[in-house]
Amino acid sequence: MGQNSLDLIPALVDALRNKESTLRSEAAQALGKIGKNAPIVVPALNAALKDRDRGVRYNAVAALGQFGQAASPAIPALIAGIERTEEDSPNERINSFLVPNISDTLGKIGKDAVPTLINMLKEKDKNVRATAVDTLGKIGKDAKEAVPDLLVLFPDKELGDQAAKKKKKIAN
């Protein structure tokens, strides 16, 4: 994208605070497509992860993925999106809607997400652990420090096979 799209960034960041959810959602999506000016855009998208509208949150997560490692400051908010349960917001299916998207974005952030993902492997919630295993596999070789923690999951009847496959992907 050219200079004209860079000139739109301040207006799009402002649009993330608009009262209309459709406009907020489209602004997040556009910021991801532009994929520039991380010092200004990443904090704004990070704030949008707390938006009450799930479409805005979805587009903010996807947009953050376009910034790769520069989106590292958003890791805590992204993890919170995985760990949130339906009881936290009974009118929405937060996990089923956002978790695959969050996993993809954490995978694009890469190595900076690994320590947090290792901690997630120890969570009680099987879905949180499964997401961590999957995301570590997406990160690949940059997640080598997670191999010992993945080995611990091998005996797990539900996650052992998945952990073994991802360990192989990381180690090779």
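Within each chain, residues carry numbers counting from 1 in the order of the written sequence. Two thresholds apply to this predicted model, a pLDDT of at least 70 for residue-level local features and 80 or more for giving and counting side-chain atom pairs, whereas whole-chain, interface and lining totals are computed over all residues. Side-chain calculation: all heavy atoms of the structure are included, whereas hydrogens and water are not.

What follows deals with the environment of tyrosine 58. Residue placement: tyrosine 58 occurs in helix α4 (residues 54–65). Here the term buried applies to any residue with accessible area under 20% of the maximum for its type, exposed to any over 50%, and partly exposed to those in between, with areas from a 1.4 Å probe on protein chains only. Accessibility expressed as a relative area gives 33% for tyrosine 58, which makes it partly exposed. Along the backbone, tyrosine 58 and leucine 98 are 40 residues apart, and their C-alpha atoms lie at a distance of 6.2 Å. Under the scheme used here, helices are H or I runs from DSSP no shorter than 4 residues and strands are E runs no shorter than 2 residues, and both carry numbers assigned from the N terminus.

Right, let's talk about the pattern of salt bridges for a bit. Any Lys or Arg side-chain nitrogen located within 4 Å of an Asp or Glu carboxyl oxygen qualifies as a salt bridge. Summed over all chains, the structure comprises 7 salt bridges. In this structure, arginine 17 engages aspartate 14 in a salt bridge whose closest nitrogen and oxygen atoms are separated by 2.6 Å. A salt bridge links aspartate 51 to arginine 24; its shortest N-O distance comes to 2.7 Å. Separated by 27 residues along the polypeptide, aspartate 51 in the loop between α3 (38–48) and α4 and arginine 24 in helix α2 (residues 21–34) bring together distant segments of the chain. A single burial state applies to aspartate 51 and to arginine 24, both of which are buried. Ionic contacts of the salt-bridge type, sharing partners, join the residues Asp104, Asp134, Lys138 and Lys166 into one network.

Time to look at α2. Given the number of residues in a helix, its expected span is that number minus one, multiplied by 1.5 Å. With 14 residues, α2 should reach 20 Å at 1.5 Å per residue; the first-to-last C-alpha distance of 20 Å fits that figure. Of the positions making up α2, those classed as buried are Arg24, Ser25, Ala27, Ala28, Leu31, Gly32 and Ile34. Two residues or fewer after α2 comes glycine 35, characterised by a positive phi angle close to 60 degrees.

With their axes 8 Å apart at the nearest point, α3 and α4 run at an angle of 150 degrees to one another. When the axes of α3 and α4 are compared, the crossing they make is left-handed. Here α3 contributes Val42, Leu45, Asn46 and Ala48 to the contact with α4, which in turn contributes Val56, Arg57, Ala60, Ala63 and Leu64. As a working rule, the residues Ala, Val, Leu, Ile, Met, Phe, Trp, Tyr, Cys and Pro are called nonpolar, Asp, Glu, Lys and Arg charged, and the rest polar, with Gly in that last group. Residues belonging to the contact of α3 with α4 are distributed by class as follows: 7 nonpolar, 1 polar and 1 charged. Every angle, taken between N-to-C directions, lies between 0 and 180 degrees, and every axis is a line fitted to C-alpha atoms, over only the stretch in contact when it is a helix. Crossing chirality is assigned from the near helix's rotation relative to the far helix, an anticlockwise turn below a right angle marking it left-handed and a clockwise turn marking it right-handed. Only heavy atoms enter the contact rule, under which two residues are in contact if any of them lie within 4.5 Å.

Across the interface, helix α8 (residues 126–139) lies against helix α10 (residues 160–171) with an axial gap of 8 Å and an inter-helix angle of 20 degrees. Here α8 lies roughly parallel to α10, going by the angle between them. Where α8 crosses over α10, the handedness of that crossing is left-handed. Contact with α8, carried on its side by Ala130, Val133, Asp134, Leu136 and Gly137, involves Gln162, Ala163, Lys166, Lys169 and Ile170 of α10 and no other residues of that element. Roughly parallel means an angle under 35 degrees; roughly antiparallel, over 145; roughly perpendicular, 65 to 115; everything else is oblique.

Our focus in this paragraph is unusual backbone geometry. For asparagine 37, which is not a glycine, the phi torsion comes out positive at approximately 65 degrees. Along the polypeptide, asparagine 37 turns up in the loop between α2 and α3. Judged by its relative accessible area of 36%, asparagine 37 is partly exposed.

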